[in-house]
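So you can see what is in the structure, the chains are spelled out below.
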Amino acid sequence: MAHVELKNVSKVYSGKTRVVKNVNIEVNDHEFVVLVGPSGCGKSTTLRMVAGLEEVTEGEILIDGVVVNNVEPKDRDIAMVFQNYALYPHMTVFENMAFGLKLRKYPKEEINSRVNEAARILDLEQYLNRKPKALSGGQRQRVAVGRAIVRKPKVFLFDEPLSNLDAKLRVQMRTEISKLHNKLNATIIYVTHDQIEAMTMGSKIVLMKDGEIQQIGPPLDLYNNPVNKFVAGFIGSPSMNFVDGNITGKDNIAFTVNENVSIILPQEKINELKMYQGQKVTLGIRPEDFSINARTIDTDKNFIETTVEVVEPLGNETFLYFTISNEQFIARVDSASTVKADDKVRLYLDVNKLYFFDEKGHRIVF
């Protein structure tokens, strides 16, 4: 496998539109790196530059220490799996998987060996004589992955490979690709707009917005230690709740939204937040950090009294929807909850799990 590095990489279209801006990413040997972000953030363009399908406007892309900016895609020793499978409809599964090897004039015996081995790994042995139209979406995607495996490339590139599958198949294929990474000990760069895919599959996440990297790190690091409001809101499902307010008080410092919502802050947060008195500050709290019952003495002091607007029972958990200062909030509570729509409830907050952001969206770190 290989080490991939992007150094100050940018992509400009038509001389003006800068869709990727000064991107620096290091993908270590055998690592599973996920590029994630909303549509139009530049993640697929970045992947296509690694593949050689898009030219690099500025910066360098290196594979195993060699600059490949001017190297043809076929000579980069990479294999790419596309969103739309890109299978030849008139060929069988075997022929689709073998096609790239035949073009490279591999001996017939080696082609048979590689295709059969990939089919065994992907549980496709019984489908080798079928054509793509006779396969399900998940099976077609496995064929597309198999076509990449037989190449034995240095780097696997996946461009939103699961977006055309239904929810159940996406979960199944997430597992299959993760197993495949472990079996092959492969270097993988994977693009998705789905933060759940990013969290569950990647050993490292690169979160992008408007062509720029917002944060790089292990999934739980982005979840627990987001550097800004965008990262905090993008990572996590349901996403983090946000509401604007002010830092108030002299002795007991509090975060105040209005006369009905004021949260007394713990001592360790006071010194940093005193600096923001008189300025707008945004509070962030994850849905799971609400509780119907007070958990500690600290949570007993901090609660929100509200009217539940919508209740969504999901079996293992229940979502409660309510509004604070015109902002829609979600609380994730125990499935044993008996709360109904229009009930007035007291929701307790874990003050040690509150996040605060300044007016520019940067996290205020304690």
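Calculation criteria
In this numbering scheme, every chain counts its residues from 1 along its sequence in written order. Reporting in this predicted model follows two pLDDT cut-offs: at least 70 for local features of residues, and 80 or more for side-chain atom pairs to be given and counted; totals over whole chains, interfaces and linings ignore these cut-offs and use all residues. Water and hydrogen atoms play no part in the side-chain values, which are based on all heavy atoms of the structure. In DSSP terms, a helix is any run of H or I states spanning at least four residues, a strand is any run of E spanning at least two, and both are numbered starting from the N terminus. Each nonpolar core is a collection of buried residues, namely Ala, Val, Leu, Ile, Met, Phe, Trp, Tyr and Cys, held together in the definition by side-chain atoms within 4.5 Å. For every residue, the accessible area obtained with a 1.4 Å probe (protein chains only) is divided by the maximum for its type, and the residue is called buried under 20%, exposed over 50%, and partly exposed between those limits. Between two residues, a contact is recorded if the distance between any of their heavy atoms is within 4.5 Å. Following DSSP output, two strands are said to pair if at least two bridges run between them. Axes here refer to lines fitted to C-alpha atoms; in helices the fit is confined to the stretch in contact. Angles between the N-to-C directions go from 0 to 180 degrees. When a carboxyl oxygen of Asp or Glu is within 4 Å of a side-chain nitrogen of Lys or Arg, the pair counts as a salt bridge.

### Structural notes on the environment of Lys269
Note on placement: Lys269 falls in helix H9 (residues 267-274). C-alpha separation for the pair Lys269 and Val365, spaced 96 residues apart in sequence, amounts to 8.9 Å.

### Considering the nonpolar core
Counting 48 residues, the largest nonpolar core has Met97, Val115, Phe158, Ile177 and Tyr190 as the members making the most contacts within it. Discounting residues that sit within four places of it in the chain, Val115 has contacts with Phe94, Met97, Ala98, Leu128 and Val150. One finds Ile304, Phe329, Val333 and Ile364 within the second-largest nonpolar core, a separate group that totals 31 residues.

### Examining helix H2 (residues 93-103)
Within H2, burial applies to Val93, Phe94, Asn96, Met97, Ala98, Gly100 and Leu101. Phi for Lys105, located one or two positions after H2, is positive at around 60°.

### Comments concerning the sheet that holds strand S14 (residues 280-285)
Reading across the sheet, the five strands line up as S13-S12-S11-S14-S21 and stay open at both edges, with antiparallel pairing between neighbours. Whereas interior strands pair on both sides, the edge strands pair on one side only; in this sheet they are strand S13 (261-264) and strand S21 (355-357). The mean inter-strand angle of the sheet, taken between neighbouring strand axes irrespective of direction, is 35°. Relative to S21, S14 is paired through three bridges, and the arrangement is antiparallel. By the bridge assignment, Leu283 is partnered in S21 with Phe356.

### Some points on the sheet that holds strand S19 (residues 327-334)
The strand order across the open sheet formed by three strands is S17-S18-S19, and the pairing between neighbours is antiparallel. This sheet does not close on itself; its edge strands, each paired only once, are strand S17 (310-313) and S19. Neighbour-to-neighbour, the strand axes of the sheet open up by a mean angle of 20°, direction not taken into account. Of the strand pairs in this sheet, strand S18 (residues 317-324) and S19 are connected by eight bridges, and their pairing is antiparallel. Residue pairing in the sheet places Leu320 in a bridge with Ala331 of S19.

### Brief notes about the pattern of salt bridges
Taken as a whole, this structure holds 14 salt bridges when the rule is applied. The closest approach of N and O atoms between Arg18 and Glu58, which form a salt bridge, is 3.2 Å. Of this pair, Arg18 sits in strand S2 (residues 17-27) while Glu58 sits in strand S4 (residues 58-63), and the two are 40 residues apart along the sequence. The exposure class assigned to Glu58 is partly exposed, which follows from its relative accessible area of 36%. Put simply, Glu288 and Arg332 hold a salt bridge, and the shortest N to O gap is 3.9 Å. Residue Glu288 is located in the loop between S14 and strand S15 (290-291), and its partner Arg332 is located in strand S19; the two are separated by 44 residues in the primary sequence. Three or more residues joined by partner-sharing salt bridges are found here, namely Lys11, Arg48 and Glu54.

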